[in-house]
Amino acid sequence: MSTTRPNVVFIVADQHNAKVLGHAGHPDVKTPHLDRLAGEGVRFDTAICQNPICTPSRVSFLSGQYCHNHGYYGLSGPNPRGLPNILGHFREHGYTTAALGKIHCPEYWIEDQADEFHETCNCSIGGRSPQYTAFLQERGMDEHEDHLVMRDLGPRGGQSMEGRVSRLSFEQSQEGWIAARSVQFMGAAAERGQPFFAHVSFPRPHQCTAPSEPFWAMYQDRDLWLPPNADYDMESAGKAPHLRATAANWRKAGWALLEPKTFEAARRRKLHGYLGAVSQVDHAVGQILEFLASSGLDRNTVVVYTSDHGDYACEHGIMEKAPGICSDAITRVPLIIRVGGSDIRGHRVAEPVELVDLAPTFCALADLPLLETTDGRDLSGQLRGDAGDGDRPGVTEGVWSKSIRQGNWRLVRYPADVFAGEHPGGFGELYDLASDPWEKRNLYFDPVSQPLVRRLESRLMDWLIQTTRPRTVLADMPNVGPQFIHRYKHTVLQDGKIGRRQIDPVLGRMGNYI
């Protein structure tokens, strides 16, 4: 089989704050391999995730659909019958596919489309990979695996925010095992002469924040930098009620399990562990990049690095990711794409893009038919240095909340019922990220900002109307290919719906009913 088609290595970290990267200007974190990848490819400075928690975000970037279309807002869940994903699409076109690491998707949705599947976090149907479990047991280290549970801290050690060094070596950690297994998969595919799509999903820097050595020691005995919004008067800043309540709860320091148990000491331990976990992920990425270079596969491989959502990393005095819709720290994520053989190096894209764009971009780069059920846009032009759409909105969705990023402005819209007790007239958030990048001043109620608030709310409504996928419309939808099916006088896509690409052509002649 021809190997001229490009391979794809789609790397996802869990809960990586976009500011916590060396090339993003963070003063402490060490990310040499990701910095090099950014220097060799294209860095998207305003990449927006579609949901602030794991499963919904992953369903979005693996399907290319917005949350209000695929319907997932919680963790795990039933199989989304009929909804294609990018692994299955590539496999249908001759690729061998793998999903390795923390997959955390609805039941059997990815498992059934991956030639090789290993869930290392017990976050998919069937639990943790038996191969990874056996690997740890052979070394007598299974009881010390501490990504989700620090067993030595007792019942409260589950997903602890505490920071301490792991008892596992890097090679025994999930990051080390996933990187090694990914290299095995890619090497075997190359030997067969078969193009591959590898979805490599690292669990860290998501808590527990227990990195292996030498990554813990990298930040030992250092006066770690705290973000400028770590401590400020959130009430006078006009912050959301649930954000203020969450920050106040963290400051009680009841979550601290190690000594000293003060808030200040505990948050610095958490930050210490978080930075170490980011460096651990960076090292695993470096191992994959080294294999691609030493094997010569890098010249014909697309490498992508991103995260499902961000982390507060001590911003706003919060240790985790909730409530995520409130903050750029959660809704904006790292995104780096390196196309093997491209002359575009070190390019930066300022215009907003979204993680739903990855599916159509992968198809374009591999010269595959578009996955018609996707809502995203092809970014391959921007990977060649073309300008993006500066007016484009980037939207993150909660069930009853939406965050829209347009240019330097970010607005959060809540229905009036959400905070009816504290704000009976309604509540929202508006931030000027050009002058207030750390979001310390909510301008939503500022009289001068009201025209902008109305404009962004109107843009959000237009976005919601134009991106929603109906099941039927009163118009003829021609069957234009194998991704379409005909059901009782209606032509629809595989998920039983139709999208904007099918609706746009009939607006002129059927506009009264659309």
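Residues numbered from 1 in each chain as written. Predicted model: local features only at pLDDT ≥ 70, side-chain atom pairs only at ≥ 80, totals over all residues. Heavy atoms only, no water.

### Let's talk about the overall build of the chain
- Regarding its fold elements, the chain presents 14 helices and 17 strands.
- The C-alpha atoms of the chain give a radius of gyration of 23 Å, which matches the 24 Å a tight globule of 514 residues would have.
- A principal-axis box enclosing the C-alpha atoms of the chain has dimensions of 70 × 65 × 45 Å.
- Every one of the 514 residues in the chain was classed for burial, and the buried ones make up 60%.
- Nonlocal contacts in the chain, meaning residues at least 24 apart in sequence, comprise 71% of its contacts between residues at least 6 apart.
- Carbon and sulfur atoms form 51% of the exposed surface of the chain, whose accessible area is close to 19,600 Å².
- Once the 54 positive and 62 negative side-chain charges of the chain are each reduced to a mean point, those two points are 2 Å apart. (Helix = DSSP H or I, 4+ residues; strand = E, 2+ residues; numbered from the N terminus. Rg over C-alpha atoms; globule rule 2.2 N^0.38 Å. Buried < 20%, exposed > 50% of the residue type's maximum accessible area, 1.4 Å probe, protein only. Contact = heavy atoms within 4.5 Å. Areas by Shrake-Rupley, 256 points an atom, 1.4 Å probe, with all protein chains shown as cover. Lys, Arg positive; Asp, Glu negative; His and termini not counted. Charge placed at Lys NZ, Arg CZ, Asp CG, Glu CD.)

### What to know about the pattern of salt bridges
- Summed over all chains, the structure comprises 41 salt bridges.
- Linking Glu162 and Arg269 is a salt bridge whose minimum nitrogen-to-oxygen distance equals 2.8 Å. Of this pair, Glu162 sits in the loop between α5 (130-138) and α6 (174-192) while Arg269 sits in helix α8 (residues 263-295), and the two are 107 residues apart along the sequence.
- For Glu162, a relative accessible area of 0% puts it in the buried group.
- Judged by relative accessible area, Arg269 falls into the buried class, the value being 13%. (Salt bridge = Lys/Arg side-chain N within 4 Å of Asp/Glu carboxyl O.)

### Concerning the sheet that holds strand β11 (residues 353-354)
- Spatially, three strands are ordered β8-β3-β11 in an open sheet, and the strand pairing comes out mixed. If you trace the sheet from one side to the other, it starts and ends with β8 (332-333) and β11, each paired once.
- As paired elements, strand β3 (residues 47-48) and β8 share two bridges and run antiparallel to each other. Paired with Ala47 across the strands is Val333, a residue of β8. (Pairing = 2+ DSSP bridges.)

### Concerning the nonpolar core
- Within the largest apolar cluster, 40 residues are counted, with the highest numbers of intra-cluster contacts made by Phe10, Phe44, Leu62, Ile86, Phe90, Phe197 and Phe362.
- Where this core is concerned, the elements lending two or more residues are β1 (7-14), β2 (42-44), α2 (54-63), α4 (86-92), β7 (301-307), β9 (335-339) and α10 (358-365).
- For this core, the element with the most residues is α10, which contributes four residues. (Core = buried A, V, L, I, M, F, W, Y, C linked by side-chain atoms within 4.5 Å.)

### Topic: the sheet that holds strand β12 (residues 393-398)
- Pairing in this open sheet of four strands is antiparallel, and the strands run β12-β13-β14-β15 from one edge to the other. Sheet topology places β12 and β15 (428-432) at the edges, where each strand pairs with a single neighbour. Each strand axis lies, on average, 10° off the axis of its neighbour in the sheet, ignoring direction.
- When strand β14 (residues 409-413) meets β15, the two strands line up antiparallel, connected through five bridges. The partner of Val412 across the bridge, within β15, is Glu429. (Axes fitted to C-alpha atoms, helices over the stretch in contact; angles between N-to-C directions.)

### Focus on a nonpolar patch on the surface
- Together, Val399, Trp400 and Val418 line one region of the surface with nonpolar side chains, adding up to about 300 Å² of accessible area.
- Considering the arrangement of structural elements, one finds Val418 in the loop between β14 and β15. (Patch = residues over 30% accessible without salt bridge, like charges linked within 9 Å, V, L, I, M, F, W, Y side chains within 5 Å.)

### Here's the deal with the pairing of β7
- Of all seven residues in β7, seven are buried, a share of seventy percent or more.
- The alternating pattern of β7 places Thr301, Val303, Tyr305 and Ser307 on one face and Val302, Val304 and Thr306 on the opposite face, and all of these are buried.
- Bridge count for β1 against β7 is seven bridges, and the pairing is parallel. Across the sheet, residue Val12 finds its bridge partner in β7, namely Thr306.
- The sheet contact formed by β7 and β9 spans five bridges and is antiparallel. Opposite Val304, over in β9, you have Ile337 as the bridge partner.

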